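# Structural description and commentary
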Amino acid sequence: MKNERHQFDFILLNIGYAKHDADWNWKNVSSPFTRIHWVRSGTAWLHTGNTKYQLKEDCLYLTPSYTTHSYECSGELELYYIHIYENLENTSSLFDQMSFPVEIQGDPLLLSLIERLIAINPERELSIYDPDAYDNANELIRNIAVQANTSHAIDLESHAIIQLLIARFYTYATEKLPHVDKRMSNVIDYIHNHIHCSIRISQLAEISCLTKDHFIRLFKKQFNGTPITYINQKKIEKAQLMMLLEKYSIQEISFQLGFENVSYFNRLFKKITGENPTNYRKRFNI
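What counts as what
- Residues numbered from 1 in each chain as written.
- Predicted model: local features only at pLDDT ≥ 70, side-chain atom pairs only at ≥ 80, totals over all residues.
- Heavy atoms only, no water.
- Helix = DSSP H or I, 4+ residues; strand = E, 2+ residues; numbered from the N terminus.
- Buried < 20%, exposed > 50% of the residue type's maximum accessible area, 1.4 Å probe, protein only.
- Contact = heavy atoms within 4.5 Å.
- Pairing = 2+ DSSP bridges.
- Axes fitted to C-alpha atoms, helices over the stretch in contact; angles between N-to-C directions.
- Salt bridge = Lys/Arg side-chain N within 4 Å of Asp/Glu carboxyl O.
- Phe/Tyr/Trp six-rings, centres within 6.5 Å; stacked < 30°, edge-to-face > 60°.
- Lys NZ or Arg CZ within 6 Å of the ring centre and 35° of its normal.

## Observations regarding the side chain of Ser 158
Structurally, the position occupied by Ser 158 is in helix H5 (residues 152-170). Taking relative accessible area as the criterion, Ser 158 reaches 1% and is therefore assigned buried. Beyond its immediate sequence surroundings of up to four residues, Ser 158 is in contact with Leu 117, Ile 120 and Asn 121.

Dropping the structure here:
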């Protein structure tokens, strides 16, 4: 896998400059888009996983999509924010493939790129900073639509700047699975290309040219989990995105993702996300 070229395909949703005074305090934020922050002055804390990061001046911070995190700010804080949506078509996310640093040092070139991105996208600022106000289906769809109707020249330049920003983080990224052999790589590709199907372990074993038991053991060794756990995680992530972008019922989504039993889909969704699909939809005003 290490010789493969990873593609950066991100859509700009929001960008702006914000000033806070002990009012940047949000807990358990998890979004279908990726955030980049550049701190210009002041300080705050970013909680992600079991780690607490102190945000420092002239540093950039990356929070990938579907990463549960919290913000803590007790004083003045000024920062740039960029929200970008990864455009996926039955392929694995860049963040599934690579482990990215949370923090990198900024420099004048990166700052000028961010300022340029703001200048050519003047109407992408948030009017309200509460994630509940902008982290919902209507806003996500609206922002994607705005980008789709942007002039080709602006779209090209915005895309190039986003690629350069992600590339700086990529410089320090590492392969999540550097020692995965070609057999397992083929299996992962198959899972993402057939995420809408019912995927059987026997199929995956056949693709890997291994017996079923040998395949399961090798998968667990290389991915730190069972094939079923991985498949279910990716199906539920896809379901979350479908709920935000499509008008399908929960039952239709479960069937489109290869689940024969909607009750099982509901239980699995709650197990992985912490809430059932109905509450998830209500929270995002879908």
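Still more ground to cover, so stick around.
## Side note on the sheet that holds strand S6 (residues 59-63)
With respect to topology, five strands assemble into an open sheet ordered S1-S8-S3-S6-S10, the strand pairing being antiparallel. Strand pairing shows two members of the sheet lacking a second neighbour, strand S1 (10-21) and strand S10 (103-105), which therefore form its edges. Across the sheet, the mean angle from the axis of one strand to that of its neighbour is 20°, orientation sign disregarded. Pairing geometry for strand S3 (residues 34-42) and strand S8 (residues 76-86), over eight bridges, is antiparallel. Bridge pairing links Thr 34 to Ile 84 in S8.

## Remarks on the pairing of S6
Of all five residues that make up S6, five are buried, and the element is covered over most of its length. In S6, alternate side chains face the same way, and those of Cys 59, Tyr 61 and Thr 63 on one face and Leu 60 and Leu 62 on the other are all buried. For S3 and S6, the ladder comprises four bridges, and the chain directions are antiparallel. When the sheet's bridge partners are listed, Trp 38 is paired in S6 with Leu 60.

## Some thoughts on the pattern of salt bridges
Using the criterion set out here, one finds six salt bridges in the structure. The salt bridge partner of Glu 103 is Lys 56, with a shortest N-O separation of 3.4 Å. Of the two residues, Glu 103 is situated in strand S10 and Lys 56 in the loop between strand S5 (51-55) and S6; the sequence distance between them amounts to 47 residues. The partly exposed category is assigned to Glu 103, whose relative accessible area is 28%. For the salt bridge of Arg 168 with Asp 107, the shortest nitrogen-to-oxygen distance reads 2.5 Å.

## Thoughts on the packing of aromatic side chains
We describe a pair of aromatic rings using the distance from one ring centre to the other and the angle between the two ring planes. The tally for this structure, following the rule as stated, stands at 13 aromatic pairs. Between Phe 10 and Phe 95 the ring centres are 6.1 Å apart and the planes differ by 55°, which places this aromatic pair in the tilted class. Residue Phe 10 is located in strand S1, and its partner Phe 95 is located in helix H1 (residues 94-97); the two are separated by 85 residues in the primary sequence. For the ring pair Tyr 81 and Tyr 129, a centre distance of 6.1 Å and an interplane angle of 75° mean the geometry is edge-to-face. Residue Tyr 81 is found in strand S8, and its partner Tyr 129 is found in the loop between helix H2 (108-120) and helix H3 (131-134); the two are separated by 48 residues along the sequence. With relative accessibility at 28%, the residue Tyr 129 sits in the partly exposed group. Here the aromatic cluster, defined as three or more aromatic residues joined through ring pairs, consists of Phe 259, Tyr 264, Phe 265, Phe 269 and Tyr 280. One cation-aromatic arrangement involves Lys 52 over Trp 45; the distance from NZ or CZ to the ring centre is 4.4 Å. The residue whose ring lies beneath Lys 235 is Phe 259, and the NZ or CZ to ring-centre distance is 5.7 Å.

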